[in-house]
Amino acid sequence: MPPVPSAPRLADVLAALDTLWPPERAEQWDAVGTVCGDPDAPVARVLFAVDPVQDIADEAVRLGADLIVTHHPLYLRGTTTVAASTFKGRVVHTLIKNDIALHVAHTNADSADPGVSDALAGALDLRVVRPLVPDATDPSGRRGLGRICELDRPATLRDFAARVAHRLPATAQGVRIAGDPDALVRTVAVSGGSGDSLFEQVRGAGVDAFLTADLRHHPVSEATQHSPLGLVDAAHWATEWPWCEQAAAQLDEISDRHGWDLRVHVSKTVTDPWSAHHSSGAPN
């Protein structure tokens, strides 16, 4: 008879997560790894989300989750208090009171294989060709920041942006474009999250368009003067949410392989901070 599935310990699940996203591959400034949790506690339910905010903590309580895995850190910079009078402290109190662990995979998940940008490309049915910024320590050439991709068939920048708006979760910001809306797009660089520090590498890749988030005025203005590169700016949260589904599937596969009795969930709670959008000149 096959072994009866049993709930793994938190330490076992965290060891599996560290094989997917080794903490040593995070950027030096980053804060990844386990924020709270008892290594010996059993884990039966895991919730994946982008942001470790109160709405996600409350969702985990309702779900009966034992572990939350988020992409964004709770404390990216040091703190001197976890008092419940602060909003991050309240998250910590909620988690500990309800025996819920929190684990973060941030830039170590960005550069992984597969990583955040692979999930973004997959949500848009793009064929990944190679990393935008390869990880020099990876002999296979598959890890690194961002991805260079090909469309299944050429599309105008306007139509490609419409695909992005349709395939990614809806947000108040929607999707903005810079460049000629009628220009043909065959190849595109994608980078989940903030990507305007990568313009030099994107131009060097010779792609037709760049999809990322949090694009600022001056870098965009300069980029459009440098070349006819088309820019597609989506909401930060929306470009990283597909990773939650990809990561959940990875943990599901590990759970099946180990015979764990583990249920894995993906939060659909929109934690994008923007709540409304009005086009310029629109009536009140």
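Nothing here was measured: the structure is a model prediction, and the numbers come from that model.

Rules used in this analysis
Each chain carries its own residue numbering, running from 1 in the written order of its sequence. Only residues with pLDDT of 70 or above have their local features reported here, since the model is predicted, and side-chain atom pairs are shown and tallied only from 80 upward, although totals for entire chains, interfaces and linings are computed over all residues. Side-chain figures throughout are based on the complete set of non-hydrogen atoms in the structure, without hydrogens or water. Helix axes are fitted to C-alpha atoms over the stretch in contact, other axes to C-alpha atoms as well, and angles between N-to-C directions run from 0 to 180 degrees. Helix and strand labels come from DSSP, where a helix needs a run of H or I of at least four residues and a strand needs a run of E of at least two; each type is numbered from the N terminus. By definition in this entry, angles of less than 35 degrees are roughly parallel, angles greater than 145 are roughly antiparallel, angles of 65 to 115 are roughly perpendicular, and the rest are oblique. Any two residues whose heavy atoms approach within 4.5 Å are treated as being in contact. Gly is put with the polar residues, along with every residue not named as nonpolar or charged; the nonpolar set is Ala, Val, Leu, Ile, Met, Phe, Trp, Tyr, Cys and Pro, and the charged set is Asp, Glu, Lys and Arg. Only protein chains enter the accessibility calculation, which uses a 1.4 Å probe; a residue whose area is less than 20% of its type maximum is buried, one above 50% is exposed, and one in between is partly exposed. At least two bridges found by DSSP between two strands is the condition for calling them paired. A clockwise course of the path from the first strand over the helix to the second, judged with the strands pointing away from the viewer, identifies a crossover as right-handed. Put simply, two rings from Phe, Tyr or Trp (the six-membered ring, in Trp's case) pair if the centres are within 6.5 Å, and we call them stacked under 30 degrees between planes, edge-to-face over 60, tilted for the rest. We call a set of buried residues a nonpolar core when its members are Ala, Val, Leu, Ile, Met, Phe, Trp, Tyr or Cys and they connect through side-chain atoms within 4.5 Å of each other.

Moving on, we come to the packing of helix H5 (residues 116-123) against helix H9 (residues 236-258). Their axes nearest at 7 Å, the elements H5 and H9 cross at an angle of 95°. Here H9 runs roughly perpendicular to H5, going by the angle between their axes. Contacts from Val 116, Asp 118, Ala 119, Leu 120 and Ala 123 of H5 reach H9 at Thr 239, Glu 240, Pro 242, Trp 243 and Gln 246. Counted by class, the contact of H5 with H9 contains six nonpolar, two polar and two charged residues.

Burial runs high along strand S2 (residues 45-49): four of the five residues are buried. Bridge count between S2 and strand S11 (residues 263-266): four bridges; the pairing is parallel. The partner of Phe 48 across the bridge, within S11, is Val 266. By the bridge criterion, four bridges tie S2 to strand S3 (residues 67-70) in an arrangement that is parallel. Across the sheet, Phe 48 pairs through a bridge with Val 69, a residue of S3. What joins S2 to S3 is helix H2 (residues 54-63), and the crossover it makes is right-handed.

Within the structure shown, the criterion is met by three aromatic pairs. With 6.3 Å between their ring centres and 75° between their planes, Phe 48 and Trp 243 make a pair best called edge-to-face. Remark: Trp 243 occurs in helix H9 and Phe 48 occurs in strand S2; sequence separation between them is 195 residues. Relative to Phe 210, the ring of Phe 199 has its centre 5.8 Å away and its plane inclined at 75°; by these criteria the two rings are edge-to-face. With a gap of eleven residues between them, Phe 199 in helix H7 (residues 199-205) and Phe 210 in strand S9 (residues 209-213) connect regions that are remote in the sequence. Of the two residues examined, Phe 199 and Phe 210, each falls in the buried class. Every member of this aromatic cluster is reached through a ring pair, and the members are Trp 21, Phe 48 and Trp 243.

As a further point, take H2. Of all the positions in H2, only Gln 54, Ile 56, Ala 57, Glu 59 and Ala 60 are classed as buried. The secondary structure elements touched by the buried residues of H2 are S2, S3 and helix H3 (87-97). After H2 finishes, the residue Gly 64 shows a positive phi value of roughly 80°.

Core analysis: the biggest nonpolar cluster contains 50 residues, and Trp 21, Phe 48, Leu 67, Leu 126, Val 188, Leu 211 and Trp 243 have the highest contact counts within it. Take this core: its biggest share by element is nine residues, from H9. Excluding anything up to four places from it in sequence, Val 188 contacts Leu 126, Arg 147, Ile 148, Cys 149, Leu 151, Phe 160, Val 207, Ala 209, Phe 210 and Leu 211.

Take the sheet that holds S11 next. With mixed pairing, the five strands of this open sheet are ordered in space as S1-S4-S3-S2-S11. Edge positions in the open sheet fall to strand S1 (33-36) and S11, since each of these has one partner strand only. Taking the axes of each pair of neighbouring strands and ignoring which way they run, one obtains an average angle of 25° across the sheet. Taken together, the four bridges between S3 and strand S4 (residues 101-104) define a ladder with parallel strand orientation. Residue pairing in the sheet places Leu 67 in a bridge with Ala 101 of S4. In the packing of H2 onto the sheet, the strands contacted are S2, S3 and S11, and the crossing angle to S2 comes to about 155°.

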